[in-house]
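# A closer look at the structure
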Amino acid sequence: MSGGLDIAAERARHPEAFRGKGWLGWLLFAGVFGYLFYLMWLFDFGRVFTSLANVWVIVGLMLDWSGIADWDHAELWRSMLETVAMAYLGTMLAVVLAVPLGFLGASNVIPQRVFRFFTRRLFDGLRGLDQLIWALVFVRAMGLGPIAGILAIAVVETGVLAKLFAEAVENIDRGQVEGITAVGAGLAGRLRFAMLPQVLPVMISQALYSIESNAREATILGLVGAGGIGLRLSERIQINAWDQVAYVIVLILISVALIDTTSRYLRLRLIGAVN
Amino acid sequence: MLQLVELTRRFGETCAVDRASVTIADGEMVGIIGRSGAGKSTLLRLINRLIDPSEGRIECDGIDVTALRGKALRAWRARTAMIFQQFNLVNRLDVLTNVMCGRLFDMPAARVLLKWFTPTERALAIRALDRLGMADVAMNRADALSGGQQQRVAIARALMQQPRILLADEPIASLDPLNAKLVMDALADINRRDGITVLINLHTLDTARTYCQRIIGMSSGRIVFDGAPDALTDPVLREIYGQSANEGLDERLTSTSLPASSLATLAG
């Protein structure tokens with residue numbers, strides 16, 4: 001097939017097809033790896049290998065559960081349930097706030113740019129700080145215990161969900177809204193019958209995921225006194241009770257797996273297996 | 001009587017509808033033909049007030065429709081029901097609820113938010129569906145239906161509004177020939193039996209000739225023809241459809257209709 005193929009002529013006509021991507025890609029490649037090696041040297045990465053022995057000791061301690069009968073199971077289980085309850089309450093509080101906020105922050109509900117600027121910055125502000133920081137603030141304000149943790153989860157999750165809900169509202173099919181507008185429906189009718197049915201699946205599945213992810217996050221909140229299993233975990237790390245640390249980790253994993261299974265079941269029942 | 005006076009709508013530089021003036025008597029069935037982008041859709045959306053005119057007026061029985069706001073505007077939209085090419089039903093709601101949405105304009109906000117319909121509304125909705133042969137799928141989700149079925153649900157929703165004027169924007173452009181005939185027959189029946197004025201945008205010339213006593217031709221936003229189907233001669237069609245019709249338009253090419261014999265086979 002190469003008979004009559006004039007490479008020089010083709011190159012003259014379409015020079016772009018013969019050009020490589022140039023040296024920029026290689027430079028980027030070298031830069032990325034150079035920086036990586038520099039950082040490893042800077043942070044004394046070799047320690048990972050010299051202290052490996054300590055890690056094995058801890059793993060060994062974790063696997064020895066011979067003292068299981070003496071552990072305070074009631075306290076650990078109660079704390080675990082408290083953590084799950086914190087995640088559930090905090091997230092549900094956030095959902096209740098984020099649904100109206102999400103609609104208010106969507107350009108196809110409220111087209112005024114200035115208004116949207118302020119709602120969006122509010123969402124950014126709420127989720128801009130980590131839950132742990134909020135938890136520190138609320139522990140100071142309201143004392144130790146799960147209330148501080150619930151509020152910390154609620155504040156951050158409101159910011160996250162409101163942003164996601166607003167974007168879901170903005171992505172809905174305009175034709176369906178037009179159809180409801182054309183029958184003479186007001187704002188309430190458009191929200192309830194054209195927009196909500198379209199965003200409800202997104203809202204439900206996002207809220208269910210948030211409960212699951214917050215149950216994981218909430219384990220950490222206990223470290224600053226905001227209730228839950230985290231406090232028990234840190235206590236046991238401090239006294240080198242690694243067997244109980246492993247037990248708590250297993251408890252957390254089982255809880256998260258249970259929530260995951262339940263939320264998947266609920267999602268399928270509420271939204272339907274299709275789409 | 002519906003009157004458009006020098007109705008104009010501009011989108012930036014382009015003039016989608018350009019000084020359209022036309023009077024439509026109650027009970028007429030009017031077909032609007034023209035190329036894509038001729039302004040047919042914009043014209044219907046202007047009448048329903050989904051978009052506002054740049055200039056000109058819409059009058060109906062002495063009322064200036066273009067000045068309506070708030071509750072009065074919503075009542076006007078309810079009186080001028082719209083049918084869309086893409087049906088515009090709410091996919092995730094069931095068929096019955098979609099039809100009952102046709103009453104949203106005069107429901108109190110509390111009932112709207114609670115999604116609470118009265119037995120009267122339910123009865124009206126099921127009767128509208130029954131008239132279009134769709135009562136047996138009332139509890140199905142709208143997006144579980146075929147295109148032809150969805151369009152008939154959309155017509156039921158329009159009937160639910162108890163409108164005086166029905167605006168249909170390319171209602172059969174996404175349908176197969178058999179469903180196109182069902183939908184056109186339904187629209188003609190509504191026009192004849194209920195005396196509802198029907199304005200219908202059509203792609204297909206022979207459909208317009210078959211169903212409409214009056215045809216309006218649009219080109220580049222202007223109304224270039226307004227008269228009986230018989231008056232649509234070749235020079236007139238050339239003006240409506242532009243240069244592409246230079247060789248003479250073969251109506252069979254744009255047709256979605258089937259010969260009567262094959263329709264009988266399909267239906268049987």
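Residues numbered from 1 in each chain as written. Chains lettered and ligands numbered in written order. Predicted model: local features only at pLDDT ≥ 70, side-chain atom pairs only at ≥ 80, totals over all residues. Heavy atoms only, no water.

### So, the overall build of chain A
Helix and strand counts for chain A stand at twelve helices and zero strands. Relative to the 2.2 N^0.38 estimate, which gives 19 Å for 275 residues, the radius of gyration of chain A is 27 Å and therefore markedly larger than a compact globule would have. Over its C-alpha atoms, taken along the principal directions, chain A stretches across nearly 85 × 65 × 40 Å. Evaluated residue by residue, chain A yields a buried proportion of 40% over its 275 residues. When contacts within chain A are restricted to residue pairs at least 6 apart in sequence, those whose partners lie at least 24 apart make up 75%. Carbon together with sulfur atoms contributes 69% to the accessible area of chain A, which is approximately 16,400 Å² in total. (Helix = DSSP H or I, 4+ residues; strand = E, 2+ residues; numbered from the N terminus. Rg over C-alpha atoms; globule rule 2.2 N^0.38 Å. Buried < 20%, exposed > 50% of the residue type's maximum accessible area, 1.4 Å probe, protein only. Contact = heavy atoms within 4.5 Å. Areas by Shrake-Rupley, 256 points an atom, 1.4 Å probe, with all protein chains shown as cover.)

### Describing the interface of chain B and chain A
Taken together, the contacts link 28 residues of chain B with 21 residues of chain A. With both sides pooled, the region where chain B packs onto chain A buries about 2,000 Å², and carbon together with sulfur makes up 61% of that total. The interface formed by chain B and chain A holds one salt bridge in total. Counting across the interface, chain B meets chain A through eight residue pairs in polar contact (both at pLDDT 80 or more). Grouping the amino acids of the side of chain B that touches chain A by side-chain chemistry returns 14 nonpolar, seven polar and seven charged. (Buried area = accessible area lost by both parts, 1.4 Å probe. Salt bridge = Lys/Arg side-chain N within 4 Å of Asp/Glu carboxyl O. Polar contact = N/O pair within 3.5 Å; in protein donor to acceptor, adjacent residues only side chain to side chain. Nonpolar A, V, L, I, M, F, W, Y, C, P; charged D, E, K, R; others polar.)

### Digging into the domain arrangement of chain A
Taken domain by domain, chain A holds domain 1 (2-61) and domain 2 (70-271). When each unit is reduced to the centre of its C-alpha atoms, the spacing between domain 1 of chain A and domain 2 of chain A is 38 Å. (Domains from an automatic or database assignment.)

### Section: the pattern of salt bridges
Residues and elements named next belong to chain B. A complete count under the given rule lists 31 salt bridges over all chains for this structure. We note a salt bridge from R111 to E121, for which the minimum N-O separation is 3.1 Å. In this pair, R111 is assigned in helix α4 (residues 109-114) and E121 in helix α5 (residues 119-131), connecting sequence segments ten residues apart. The partner of D189 in a salt bridge is R192, and the shortest N-O contact between them spans 3.9 Å. You can see D189 and its partner R192 sitting in helix α7 (residues 177-194), three residues apart, about one turn around the helix. According to the relative accessible area criterion, D189 is buried, its value standing at 18%.

### Structural notes on the packing of helix α7 (residues 131-142) of chain A against helix α10 (residues 187-221) of chain A
Each packed pair of helices is defined by two parameters, the angle between the axes and the distance between the axes. Residue and element names in this part refer to chain A. Packing of α7 against α10 brings their axes to within 10 Å, and their N-to-C directions diverge by 50°. Here α7 lies oblique to α10, going by the angle between them. Crossing of α7 against α10: the hand is right-handed. Facing Q131, L132 and A135 of α7, the residues of α10 in contact are N214, E217, I220 and L221. In the contact of α7 with α10, the residues fall into four nonpolar, two polar and one charged. (Axes fitted to C-alpha atoms, helices over the stretch in contact; angles between N-to-C directions. Parallel < 35°, antiparallel > 145°, perpendicular 65-115°, else oblique. Left-handed = near helix turned anticlockwise from the far one by under 90°.)

### Here we look at the sheet that holds strand β9 (residues 214-219) of chain B
Residues and elements named next belong to chain B. Read across the open sheet, the six strands follow the order β6-β7-β8-β3-β9-β10; overall the sheet is mixed. Whereas interior strands pair on both sides, the edge strands pair on one side only; in this sheet they are β6 (80-83) and β10 (222-227). Pairs of neighbouring strands in the sheet enclose a mean axial angle of 20°, with direction left out of account. Here five bridges tie β9 to β10, and the two strands are oriented antiparallel to one another. Within β10, the residue paired with G217 across the bridge is F225. Of the strands in this sheet, β6 and β7 (165-169) are in contact with helix α6 (residues 147-160), which crosses β6 at around 175°. (Pairing = 2+ DSSP bridges.)

### Here's the deal with the pairing of β9 of chain B
Residues and elements named next belong to chain B. The element β9 is extensively covered by neighbouring structure, given that six of its six residues are classed as buried. Pairing between strand β3 (residues 29-33) and β9: four bridges, direction parallel. Looking at the pairing, V30 lines up with R214 of β9. Linkage of β9 to β10, two consecutive antiparallel strands, is achieved through a turn of two residues, within which S220 is found at a positive phi near 50°.

### So, the sheet that holds strand β1 (residues 2-11) of chain B
All names here are of chain B. Spatially, the four strands line up as an open sheet ordered β2-β1-β4-β5, and their pairing is antiparallel. If you trace the sheet from one side to the other, it starts and ends with β2 (14-24) and β5 (63-64), each paired once. Direction of pairing for strand β4 (residues 55-60) relative to β5: antiparallel, over a ladder of two bridges. Along β5, the bridge assignment pairs C60 with I63. Contacting β1, β2 and β4, helix α1 (residues 40-48) runs over the sheet at an angle of about 115° to β1.

### Looking at the packing of aromatic side chains
Residues and elements named next belong to chain A. By the definition in use, this model includes nine aromatic pairs over all chains. Residues W65 and W71 carry aromatic rings whose centres are separated by 5.8 Å and whose planes lie at 70° to one another, so their mutual orientation is edge-to-face. Each ring, one from W71 and one from Y247, has its centre 5.2 Å from the other, and the planes form 50°; the classification is tilted. Taken together, the residues W71 in the loop between α4 (52-63) and α5 (73-104) and Y247 in helix α12 (residues 242-271) connect sequence positions 176 residues apart. (Phe/Tyr/Trp six-rings, centres within 6.5 Å; stacked < 30°, edge-to-face > 60°.)

### Regarding unusual backbone geometry
All names here are of chain B. Phi is positive for N88, which is not a glycine, with a value near 55°. Examined against the element boundaries, N88 turns out to sit in the loop between β6 and α3 (95-100). Relative accessible area serves as the criterion here: at 7%, N88 is assigned to the buried category. Residues other than glycine seldom take positive phi values, yet E170 does so here, at roughly 50°. Mapping E170 onto the fold places it in the loop between β7 and α7.

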